[in-house]
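So you can see what is in the structure, the chains are spelled out below.
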Amino acid sequence: MKATKNWLRKYIDRTFTTEEIDVGLTQAGIEVEGVDDLSASFAGVVVGQVVEREKHPDADRLSLCKVDVGDKELVQIICGAPNCVAGMKTPVAKVGAVLPGGFKIKKAKLKGIESFGMLCSAQELEIDSALLSEAEREGIWTLPEDWEIGVDLKKAIGFDDVTFELGITPNRSDCLGMLNVARELGMMYEEKVTIPEVNDNSEDPAAATYVSVEIEDPELSNRYIARIVKDIKISPSPLWMQKVLRASGMRPINNIVDITNYVMLETGQPLHAFDYDKLEDKKIVVRAAKEGEKIETLDGIERTLDSEMILIVDGKKPVAVAGVMGGANSEVDDSTVNILFESAHFAYASVRNTSRKLGLRSEASSRFERGIAPEVSMYAVNRAVDLVEQMQAGSAVPGAVDAYPIKQEKHIVELDPARVNATLGTDINAEDMQSYFVRLGFDVIKEAGSDKAKIDIPYYRTDITRHVDLIEEVARIYGYDKIPTTLPVSATNTKRQKKEITLSERVKENLYGLGLSEIITYAFIHPEEYKKLQREEWLEKSVRILNPLSEAQSVMRASLLPGILNIAKNNIRKNQKNLQIFEVGKVFEQIKANELPKEERRVACLVTGDKIKNWYGYSNEIDFFYMKGIAETLLENLGIEGVSFVQNKEDSTCHPGRCASIMVDGKTAGSIGEVHPQVLENYGIDQRIYVMELTLDGFEEVLTNVKSYSELPKYPSSNRDIAFTIKEDVLDSDIMQVIAGASSDKLVDYRLFDVYNGEQIEDGYKSLAYNLTYQDSEKTLTDEEVAEIHQSIQNSLEEKLGAKLR
């Protein structure tokens, strides 16, 4: 939206500086995105007329011209433009003039003849080509015949002005019209704003004898006004209007089109003019377009419409796409005698979608898209008709045909000063608040014996419907910079964090402490990921996305492994081969059709490469037991008891014999293992990788914020070793379980320290050695007491597992 300094001056009787307008509009809440001083582009260029033109004696393509620039004598100028003819008016840069780019005009000699200036094209003056007709873009610029000779060109074309590029927020569509921008500026400086009066004879029935209006669906259009103007004289619009339009970034075309554009920029209400005599049945019908219906628009392109678009028809044929563009079959041209002005309100969502689908975006459609107050429509069309009559361009038929099935709702909102001050943290008295709304042009109805007042909201301020909207108005008029910085006073309650969140944070803290880095991946994956993991059965219970962005994100993950393996693959490709990473997230499983999927929180860890980098290089390569240590430490720190690891040969994602299920109280809680070589090949990874995936659901209940500590032992411990042979298929976890069951509380620690398979060991057996530590917190254990407990453990191993002492 562009506002110009000279145009604002028409409504406010005050000469504002550029800075005052900039600051005032900004403080009013209208962002000034840019300021452009049009007068700074060139200087010393005037309106001139070529009085005489003859061929240059020594150059076929040059013309020797005598030009009237308003001085006593004609000026001799040599011109090379082919469209230079005697009698034309054109911009003349006199000697000393400065053109865009700092180019200064000097006296010159061309082919032996002196030239005292330059006849200019619009391009040389850097006039936006969008403001010019095709003829005006070729050669030197041909100016209207009625322009005064010698006048500064900037003044003649409206470039003795400053434009302000305004950023209008979506809720302030009213400020897409200059009248309301002027209202905002006048409010900030407490200046009276003069709104042009119009001749409103809309109740006269005469117009109804010329045309009828029918709205089929009020949801698509809830107001349509038609006014008739007869005996139209198509001609250029007055210079003042052309100047305003050019400064606002619009090209003058003719008086009728220029009036519709001018009124749109002034009021924010788009208008359209139909050639009345081209309308069949003299009837206007507003309806939804039929699927596949076609219309040729003003740009000469045939458009195919759909049922979501709004169409204007004359009873027999389409004549306009509502809110977007008129039809070529009802266009106003030089032969037009009578016109019908349209001023309407259309559903903004429909106009926005139509504009997007047809690729047609204009000043009119952008205003309809924001939403326009229906009550503006009558003022706008009456303003247009008045301008036609002021220019003596036609004779208006009294009255208007106004179809208005759903009238705009009137809003009266109560102003409560106490509530305003409590919200803003200010101390503004009630009278000052009420005066703000008077400055805005609102009617204030005071309540006797109370600070409260009723605020009658004008029809054009559709953004104000509630008390909070009044608070916003008070804040911006009072001044955001004056509002003190205060902290709100309110009672707060301490709310405990959900256990699920606490558990996730505790898991992350522990894994950070173990040297792992967190990653985050998408919950949407490609179905092929399950094939890579050799777990195609997971796809059957996966949650499928109804409208995926791509096949690569078409199902929700049933495991965290695809994401963490893809991260590892990408890092290894970039030569980051030593990785220790983890992710905490949800996985999803569709248990029953037409029901919400089951969600489960898990943690997945991945380690690969070497362990720790020292000054002398990396230590040993990471193995299964390194990952197992991470799992054990994590579970221990979380306070999870009853943990065991059971060999799992059924997991096809992991290497046979190097995979285990993580058991908690006899139930499977996760898995751990070395990734299967085929899976690694599927992911394009050429080094060993160890992974763990563990469910977190159910662990919340064992979390405690209070850690328990035991007193340091006062009495010495006693260590004993036990070595025995046992069948190879007996697991360490089974042995540990027997040792723990056979001992008393005096056995405080036990660990495996040696495994041996050699010539002295029977086939199918292995030799194991354990170190056991005994201790009593109340006394020093005697050898006899230790021997008794130790013997009990030996007996249990022999009886339950068939162990043979060595």
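Bear in mind the structure is a predicted one, so any value in this text is a computation, not a measurement.

Caption draft 1: Region of interest: the overall build of the protein. Broken down by element type, the protein carries 19 helices and 42 strands. Against the 2.2 N^0.38 benchmark of 28 Å for 806 residues, the protein shows a C-alpha radius of gyration of 43 Å, more extended than a compact globule. Taken over the C-alpha atoms alone, the protein extends approximately 135 × 85 × 55 Å along its principal axes. With 806 residues in all, the protein has 48% of them scored as buried. Taking the contacts inside the protein whose residues are at least 6 apart along the sequence as the reference set, 69% of them involve residues at least 24 apart. Just so you have it, the protein exposes about 41,400 Å², and 47% of that area is on carbon and sulfur atoms. Positive and negative side-chain charges of the protein, numbering 96 and 132 respectively, have mean locations separated by a distance of 2 Å.

Caption draft 2: Structural detail: the domain arrangement of the protein. By the assigned domains, the protein splits into domain 1 (2-38 + 162-189), domain 2 (42-156), domain 3 (205-403), domain 4 (412-478), domain 5 (499-703) and domain 6 (718-805). Taking only C-alpha atoms, the centre of domain 3 and the centre of domain 5 are 64 Å apart.

Caption draft 3: Quick peek at the state of the cysteines. Considering all chains together, one arrives at 0 disulfides under this definition. With no disulfide of its own, Cys 79 has Cys 84 as its nearest cysteine by sulfur position, at a separation of 4.3 Å. The cysteine Cys 605 is free of any disulfide, with Cys 654 supplying the nearest cysteine sulfur at 13 Å.

Caption draft 4: Highlighting unusual backbone geometry. One non-glycine residue, Lys 282, lies in the positive phi region at around 50°. Tracing the backbone through its elements, the reader meets Lys 282 in the loop between strand 14 (271-275) and strand 15 (283-288).

Caption draft 5: A look at empty space enclosed by the protein. Taken as a whole, this structure holds 2 cavities of 30 Å³ or more when the rule is applied. Its boundaries defined by the atoms lining it, the largest cavity holds a volume of some 100 Å³. Two domains share the lining of the largest cavity, each providing at least three of its residues, namely domain 1 (2-38 + 162-189) and domain 3 (205-403). Taken as a whole, the second largest cavity holds about 50 Å³ of empty space.

Caption draft 6: Structural context of the environment of Leu 340. You can see Leu 340 is positioned in strand 21 (residues 339-346). Each C-alpha atom, one on Leu 340 and one on Asp 277, is 9.1 Å from the other, the two residues being 63 residues apart in sequence. Other than its neighbours up to four places away in sequence, Leu 340 contacts Val 211, Ala 226, Arg 227, Ile 228, His 272, Ala 273, Phe 274, Tyr 276, Leu 279 and Ile 284.

Caption draft 7: Region of interest: the side chain of Arg 601. Secondary-structure assignment places Arg 601 in strand 32 (residues 598-608). With a relative accessible area of 11%, Arg 601 lands in the buried category. Engagement of the side chain of Arg 601 in a polar contact is seen with the backbone oxygen of Glu 500, the distance being 3.5 Å. Once residues lying within four places of it in the same chain are set aside, the contact partners of Arg 601 are Glu 500, Leu 503, Ser 504, Gly 585, Lys 586, Leu 694, Thr 695, Leu 696, Asp 697 and Glu 700.

Caption draft 8: Structural view of the layout of surface pockets. Considering only enclosed or pocket space, the largest pocket measures out at about 1,400 Å³ in volume. Along the wall of the largest pocket there are 37 residues; nearest its centre are Lys 628, Glu 632, Phe 645, Asp 732 and Ser 733. Counting residues per element, the ones that place at least two in the lining of the largest pocket are helix 16 (624-638), strand 35 (643-647), strand 36 (654-664), helix 18 (732-742), strand 40 (747-756) and strand 41 (765-774). Classifying every residue of the lining of the largest pocket gives 18 nonpolar, 9 polar and 10 charged. Per-domain counts for the lining of the largest pocket show at least three residues from each of domain 5 (499-703) and domain 6 (718-805). There is about 980 Å³ of room inside the second largest pocket. Lining the second largest pocket we find 35 residues, and of these Ile 253, Val 257, Asn 261, His 272 and Leu 298 sit closest to its centre.

Caption draft 9: The pairing of strand 36, seen in detail. Of all 11 residues that make up strand 36, 8 are buried, and the element is covered over most of its length. Connecting strand 35 to the antiparallel partner strand 36 that follows it, the hairpin turn spans 6 residues. Direction of pairing for strand 36 relative to strand 37 (residues 667-675): antiparallel, over a ladder of 7 bridges. Across the sheet, residue Ser 661 finds its bridge partner in strand 37, namely Ser 671.

Caption draft 10: Quick look at the pattern of salt bridges. Here the structure, examined in full by the defined rule, presents 50 salt bridges. Two residues, Glu 266 and Arg 383, come together in a salt bridge whose shortest N-O distance is 2.8 Å. In this pair, Glu 266 is assigned in helix 6 (residues 255-267) and Arg 383 in helix 9 (residues 376-390), connecting sequence segments 117 residues apart. With respect to class, Glu 266 is no different from Arg 383; both count as buried. One salt bridge connects Glu 369 with Arg 361, and the closest N-O pair in it is separated by 2.5 Å. The class for Glu 369 is buried, based on a relative accessible area of 12%.

Quick notes on the rules
- Residues numbered from 1 in each chain as written.
- Predicted model: local features only at pLDDT ≥ 70, side-chain atom pairs only at ≥ 80, totals over all residues.
- Heavy atoms only, no water.
- Helix = DSSP H or I, 4+ residues; strand = E, 2+ residues; numbered from the N terminus.
- Rg over C-alpha atoms; globule rule 2.2 N^0.38 Å.
- Buried < 20%, exposed > 50% of the residue type's maximum accessible area, 1.4 Å probe, protein only.
- Contact = heavy atoms within 4.5 Å.
- Areas by Shrake-Rupley, 256 points an atom, 1.4 Å probe, with all protein chains shown as cover.
- Lys, Arg positive; Asp, Glu negative; His and termini not counted.
- Charge placed at Lys NZ, Arg CZ, Asp CG, Glu CD.
- Domains from an automatic or database assignment.
- Disulfide = S-S within 2.5 Å.
- 1 Å grid on protein atoms, 1.4 Å probe; cavity = no way out; pocket = protein on both sides within 12 Å on 5 of 7 lines; lining within 4 Å.
- Points joined across faces, edges and corners; volume = space filled by probe spheres on them.
- Polar contact = N/O pair within 3.5 Å; in protein donor to acceptor, adjacent residues only side chain to side chain.
- Nonpolar A, V, L, I, M, F, W, Y, C, P; charged D, E, K, R; others polar.
- Pairing = 2+ DSSP bridges.
- Salt bridge = Lys/Arg side-chain N within 4 Å of Asp/Glu carboxyl O.

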